[in-house]
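# Descriptive structure summary
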Amino acid sequence: MQKIAISELQPNMVVARNIFSTEGVLLLRTDTVLNATQIERLQQFGLPSIYIKNPFTDTIPYGDLLDTIPEVVREETRVQAVQLVNTAFQNLTVMRNLDTQQFKAISDFILDDVIKNRGAMIHLTDIRARDGYTFGHSVNVCVLATLTGVQLGYDMINLKELALGALLHDAGKMLIPQEILLKPAPLTNAERKLMEQHSGLGFDILRKHSDIPLVSAHIAFQHHEKFDGTGYNRGLAGTNIHEYARIVAIADVYDALTSDRPYKEASLPHEAYEIMMSLANTHFDPIILQTFLNQIALYPLGSIVQLNTGDIAVVTRVIPGLQTRPTVKVVFDASGHKLKNGPEIDLARHLTTFITKVFTLTEVLQLGTNSTQQTNLHQPFEPSS
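Attention here is on the structure that accompanies the text.

Cut-off values and rules
- Each chain carries its own residue numbering, running from 1 in the written order of its sequence.
- Confidence filtering applies because this is a predicted model: local features only for residues at pLDDT of at least 70, side-chain atom pairs given and counted only at 80 or more, and all residues used for totals across whole chains, interfaces and linings.
- Processing note: side-chain calculations cover all non-hydrogen atoms of the structure and skip hydrogens and water entirely.
- Between buried and exposed lies partly exposed: a residue is buried under 20% and exposed over 50% of the maximum accessible area for its type, with that area taken using a 1.4 Å probe on protein chains only.
- A run of DSSP states H or I qualifies as a helix once it reaches four residues; a run of E qualifies as a strand once it reaches two. Both are numbered from the N-terminal end.
- Contact criterion: two residues are considered in contact whenever any of their non-hydrogen atoms come within 4.5 Å of each other.
- At least two DSSP bridges between two strands are needed for those strands to be called paired.
- Here the axes come from fitting lines to C-alpha atoms, over the contacting stretch only for helices, and the angles between their N-to-C directions go from 0 to 180 degrees.
- Points on a 1 Å grid over protein atoms alone make up a cavity when a 1.4 Å probe fits among them but cannot get out, and a pocket when they form an open set with protein on both sides within 12 Å along at least five of seven lines; lining residues each have an atom within 4 Å of a point.
- Grid points are joined across faces, edges and corners, and a volume is the space filled by probe spheres set on the points.
- Nonpolar residues are Ala, Val, Leu, Ile, Met, Phe, Trp, Tyr, Cys and Pro. Charged residues are Asp, Glu, Lys and Arg, and all others, Gly as well, are polar.

### Notes on helix α9 (residues 214-222)
- For α9, the complete set of buried residues consists of Ser-216, Ala-217, Ile-219, Ala-220, Phe-221 and Gln-222.
- Each element contacted by the buried residues of α9 is listed here: α5 (156-167), α8 (198-207) and α10 (243-257).

Now the structure itself:
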């Protein structure tokens, strides 16, 4: 499957993943063949993008599997979690009341799924409407942080503390004016200073509840501290930042990078990987960062990539720890000819072959339609180190 901006949708494209509103209402089911009316409706709901079935996986015998990628948490868990977080955060905004039992229940649901699927990798980014960004972000950070805790060998007590704190890390944002939270442009310096108050506000909210562990509350307070001491609120550095907060800081930034925002398109996973790696030792604990990134599919299953040979291929397998070297199946040769049964290449074994480009769905649709366009798309470039 491939993610595509709503503005680039065309009739007859096929939905690859159920589409929900912020309130959890099912808008369109998987396998829906889109028409103009449905596309207009999606635009009205404020969705930035959706997943569409890849038109080239049908050349692969197991191509259907690439449109049914297993996730770390079940769809129903994620939808229910976003619904409940939405309601609970709205109550906090209006009534200044935090339903701690509800948040504990949500974090436990997420934790149960993560433990059951601990071997799964993160292949897909969550699609969320503009007005529901904070709710979906909170759930996704909880998923990412909890998965990292599992990989670090945390026991159940630690995992519950981490999951709850990760889910509530942005609770203070509910006390920040909506016009700042939803501003469709970068914040001014004054607005940013106001936004930075959310971590302290969140800590003040959480520490007043005796049934929320203090270490969970400190995640809200410390998740914007940086490993080199240049963050806020207190300029903590290194291991003076609680390990839970060091985990959530990584999950928080990764989810922000790979999410569509009104003023910024989402980064692709491999782009986010490079950005995150450049921030090791400055923003992030390098050991925890590597553990986190080992669970991220840099080239998700079904991605269309170009190799340094000029061939174009579909990613068919990704192994944790070897994300830069997936297995791919060639669907176009270097001359632009579509192959019915191209070779499958394990890049972990063929070390002189590497990925030089990841195609967007718009570019994918151009492949095979015009030989001139194919030639242009085949211009190789050196990957960044």
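### Let's talk about the sheet that holds strand β5 (residues 304-307)
- The strand order across the open sheet formed by five strands is β8-β7-β6-β5-β9, and the pairing between neighbours is antiparallel. Only two strands of the sheet have a single partner each, and these edge strands are β8 (344-346) and β9 (355-358). The sheet shows a mean angle of 40° between the axes of neighbouring strands, taken without regard to direction.
- Pairing geometry for strand β7 (residues 327-332) and β8, over three bridges, is antiparallel. Each bridged residue has a counterpart across the sheet, and for Thr-327 the counterpart in β8 is Asp-346.

### Some words on empty space enclosed by the protein
- Enumeration according to the criterion identifies six cavities of 30 Å³ or more in this entry.
- Taken as a whole, the second largest cavity holds about 150 Å³ of empty space.
- Considering the residues around the second largest cavity, the lining is formed by 18 residues, among which Glu-71, Arg-78, Ile-122, His-123 and Leu-124 are closest to the centre.
- Of all the secondary structure elements, the ones that give two or more residues to the lining of the second largest cavity are α4 (133-151) and α10.
- For the lining of the second largest cavity, the leading source of residues is α4, giving three residues.
- Grouping the constituent residues of the lining of the second largest cavity by class yields nine nonpolar, four polar and five charged.

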